[in-house]
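Residue-level structure breakdown
Chain residues, written in single-letter form:
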Amino acid sequence: MTLRIDVPRPDDAAPVARMQLRAWLQTYPDEAAGIDEEWIREHRASTVTAEGVARWREFVEDAARQPDLLFCRVVRSGAEVVGVLCGRRDEVVTLGPMYLLAEAQGQGVGGRLMDDFLSWAQDAPLRLWVTEYNERAIRFYERYGFRATGERELWRGRLPNVRMTRAGG
């Protein structure tokens, strides 16, 4: 599989939305947390509605107009979008969302995405949320200097997330 990283176009909004829902379905089911396909579809299916696609389109367009404040890259396998990494610069830089479909993982593209993102972020402090039981993602972020802060949240009352940060400089 040949994977390439691109700046997304507005017409990538629907493929990114579909990929995001697929990534959730691959990544987040967890019996102990009470998260199954039905729960994910109930809480994330709006991603692929006209409104959800419009939000992605707006973000992609805004990122093109304000590249110093917004970052977004997609990963393609041929014409198919198989990953995304976005971020936002405010008082600190926030990483997210970042998703790679299972078939795109383990091939180095996540590291290439992160390298692009870190170059964009420069020396700013960074933060992100990651699902507590997504150990593969946590290890990935730790390799790039992120550390858990102890701050936790339950997204929609059920999905356990932990805050990770990376010092600037």
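Our structure is the block above this text.
Note that residues are indexed from 1 along each chain, following the sequence as it is written. Only residues with pLDDT of 70 or above have their local features reported here, since the model is predicted, and side-chain atom pairs are shown and tallied only from 80 upward, although totals for entire chains, interfaces and linings are computed over all residues. Values shown for side chains rest on all heavy atoms present in the structure; no hydrogens or waters enter the calculation.

1. Let's talk about the side chain of Asn-134
Each helix is a run of DSSP H or I of at least 4 residues and each strand a run of E of at least 2, with the numbering of both proceeding from the N terminus. Mapped onto the elements of the fold, Asn-134 is located in the loop between strand E5 (126–131) and helix H5 (135–143). Burial classes follow relative accessibility: with a 1.4 Å probe on protein chains only, a residue under 20% of its type's maximum area counts as buried, one over 50% as exposed, and anything between as partly exposed. For Asn-134, a relative accessible area of 17% gives the class buried. Those residues in contact with Asn-134, other than ones at most four positions away along the chain, are Thr-27 and Tyr-28. Two residues form a contact once any of their heavy atoms are found within 4.5 Å.

2. Considering the layout of surface pockets
Space inside and on the surface of the protein is sampled on a 1 Å grid over the protein atoms alone, with a cavity defined as a set of points where a 1.4 Å probe fits but cannot get out and a pocket as an open set with protein on both sides within 12 Å along at least 5 of 7 lines; lining residues have an atom within 4 Å of a point. Grid points are joined across faces, edges and corners, and a volume is the space filled by probe spheres set on the points. The calculated volume of the largest pocket comes to roughly 1,400 Å³. Taken together, 48 residues line the largest pocket, and the ones lying closest to its centre are Tyr-28, Gly-96, Pro-97, Met-98 and Tyr-99. Counting residues per element, the lining of the largest pocket draws most heavily on strand E4 (residues 93–100), which supplies seven residues.

3. Overview of the sheet that holds strand E6 (residues 147–155)
One requirement defines pairing of two strands: DSSP has to find at least two bridges between them. Spatial strand order, E1-E2-E3-E4-E5-E7-E6: seven strands in an open sheet with mixed pairing. At either margin of the open sheet sits one strand with a lone partner, and together these are strand E1 (3–6) and E6. If you compare each strand with its neighbour and ignore which way they point, the axes differ by 25 degrees on average. Inspection of the sheet shows strand E3 (residues 80–89) paired to E4 by six bridges, in the antiparallel sense. By the bridge assignment for E4, Val-84 is matched with Tyr-99. Where helix H1 (residues 13–27) meets the sheet, it contacts strand E2 (70–77), E3, E4, E6 and strand E7 (159–166), and its direction lies at approximately 95 degrees from that of E3. To obtain an axis, a line is fitted to C-alpha atoms, over the contacting stretch when the element is a helix, and the angle between two such axes runs from 0 to 180 degrees between their N-to-C directions.

So yeah, pure geometry; function would need other evidence.
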